[in-house]
Amino acid sequence: MATSATSKLLLSDFASSVSHVPSNYVRPISDRPNLSEVETSGDSIPLIDLCDLDGSKRAEIVHQLAYACSTYGFFQIKNHGVPDTTIEKMLTVGREFFHQPESERIKHYSADPTKTTRVSTSFNVSADKILNWRDYLRLHCFPIEDFIGEWPSSPISFREVTAEYATNVRALVLRLLEALSESLGVERDHISNRLGQHAQHMAFNYYPPCPEPELTYGLPGHKDPTVITVLLQDQVSGLQVFKDDKWIAVNPIPNTFIVNIGDQMQVISNDLYKSVLHRAIVNTEKERLSIPTFYFPSTDAVIGPASELINEQDSLAVYKSFPFVEYWDKFWDRSLATASCLDAFKASTI
Ligand code: OGA
Ligand code: NI
């Protein structure tokens, strides 16, 4: 019989006490992970070495980025400039946050997606019909001084470690946006200039061990609403990327980041670069922590295909231009779904 454990707000406060996945987490048979069909050892996403990005290898690296973004929508990076110690401290403090007593974590609980610092569970509890095997802390982190005062103050080093990490990752994102602009053949500052004041959010995704990983998801298949996402994951596998009709596991490599193209980059590149489906699965043995940095336009920025990529002969605009806030409102008005949010922003074909 399915267990029901609805008295707790957060999954991590009852996950270890159930021997079966509660019925409100169980996916219909047509929507299950089918883990035996996942590609775990063959094709994976490209690993790109950024070591000489600002030197003699720039053109070659830019070329590798273009290939990865158009073929996979995903790549991993090493020699990215974020110190190993900054990464290690971030993973440690993230774990410490979720290992705190319920009373400490619940202080930040909110189901309201407009709150700029909050703890929640699943994806969007007001809209999710089936829950996801995940708790999370989500916060805004650019400009840091606007938000740091509302971040958790426990663990004691949380704010300092998170600020250092967010600053480092933002610098990396800005370098990537320049390289990605070049890879599209537009001015180096093109993408950055399109994003208004810019916005940066982070999530700490905490996936407790799950008694029946075949029945549920940490996160179901979805595309990110971002320009790009820079994901830090611990040493536990769980991320899978959809390519050529199958799911590919992205196994962790220490001190690398996983970068993926989000919907806004797909629009700016006029579909040259793809925002692709990915998901997180859970396992019976180990908790898993992943820390995505979501890089966004500010809400007032107007997003549309780069004019340099559009011409009336063979490259019509696939999307119209829209204020980012219109997309953002649509994204949070629903549950996490495989259906793209971008359909509403397609250019008229008439
Ligand atoms: C996300 C996401 C993947 C992971 O948070 O948008 O895709 O491995 N996370 O946690
Ligand atoms: Ni995602």
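Residues numbered from 1 in each chain as written. Chains lettered and ligands numbered in written order. Predicted model: local features only at pLDDT ≥ 70, side-chain atom pairs only at ≥ 80, totals over all residues. Heavy atoms only, no water.

1. Thoughts on the nonpolar core
Inference 1: Counting 91 residues, the largest nonpolar core has Phe204, Ile228 and Phe257 as the members making the most contacts within it.
Inference 2: Residue contributions to this core peak at 13 residues, all from helix H5 (residues 158-184).
Inference 3: Excluding residues within four positions of it along the chain, Ile228 makes contact with Val173, Leu176, Leu177, Leu180, Val259, Asn260, Ile261, Gly262, Met265, Thr293, Phe294 and Tyr295.
Inference 4: Counting nine residues, the second largest nonpolar core, distinct from the first, contains Ile45, Leu231, Val241 and Val250. (Core = buried A, V, L, I, M, F, W, Y, C linked by side-chain atoms within 4.5 Å. Buried < 20%, exposed > 50% of the residue type's maximum accessible area, 1.4 Å probe, protein only. Helix = DSSP H or I, 4+ residues; strand = E, 2+ residues; numbered from the N terminus. Contact = heavy atoms within 4.5 Å.)

2. What about the coordination of the nickel ion (ligand 2)?
Inference 1: Looking at the nickel ion (ligand 2), the protein donor atoms are His222 (NE2), Asp224 (OD) and His278 (NE2), and they sit 2.1 Å from it.
Inference 2: The sequence motif formed by the donor residues of the nickel ion (ligand 2) is H-x1-D-x53-H. You can see Asp224 sitting in the loop between strand S6 (219-222) and strand S7 (228-233) and its partner His278 sitting in strand S11 (residues 278-280), a full 54 residues away along the chain. You'll find Asp224 and His278 in the same group, each marked buried. (Donors = N, O, S within 2.8 Å, 3.2 Å for Na, K, Ca; no water.)

3. With respect to the UniProt feature "domain: Fe2OG dioxygenase" (unreviewed entry) in the protein
Inference 1: UniProt feature "domain: Fe2OG dioxygenase" (unreviewed entry): in the numbering of this structure it lies at residues 198-297.
Inference 2: With 6% helix and 45% strand, the stretch residues 198-297 has end C-alpha atoms that lie 5 Å from each other. (UniProt positions renumbered as here; feature names shortened; annotations may be inferred.)

4. Some remarks on the side chain of His222
Inference 1: For His222, the position within the fold is in strand S6.
Inference 2: Within the local environment of His222, its side chain forms a polar contact with the side chain of Asp224, the two groups lying 3.1 Å apart.
Inference 3: Discounting residues that sit within four places of it in the chain, His222 has contacts with Val276, Leu277, His278, Leu336 and Ala337. (Polar contact = N/O pair within 3.5 Å; in protein donor to acceptor, adjacent residues only side chain to side chain.)

5. Some points on empty space enclosed by the protein
Inference 1: Applying the stated criterion across every chain, the model contains three cavities of 30 Å³ or more.
Inference 2: The volume enclosed by the largest cavity comes to roughly 310 Å³.
Inference 3: Looking at the largest cavity, it is lined by 28 residues, and the ones nearest its centre are Asn205, Leu219, His222, Asp224 and Phe294.
Inference 4: For the lining of the largest cavity, the secondary-structure elements that each account for two or more residues are strand S4 (135-142), strand S5 (199-207), S6, S7, strand S10 (257-261), S11, strand S12 (288-296) and helix H8 (324-332).
Inference 5: Looking at the lining of the largest cavity element by element, the count peaks at five residues for S12.
Inference 6: Looking at the lining of the largest cavity residue by residue, the class counts come to 17 nonpolar, six polar and five charged.
Inference 7: Here the second largest cavity is characterised by a volume of approximately 50 Å³.
Inference 8: Lining the second largest cavity, in full, are Pro113, Lys115, Thr116, Arg118, Arg138, His140, His201, Trp328 and Trp332. (1 Å grid on protein atoms, 1.4 Å probe; cavity = no way out; pocket = protein on both sides within 12 Å on 5 of 7 lines; lining within 4 Å. Points joined across faces, edges and corners; volume = space filled by probe spheres on them. Nonpolar A, V, L, I, M, F, W, Y, C, P; charged D, E, K, R; others polar.)

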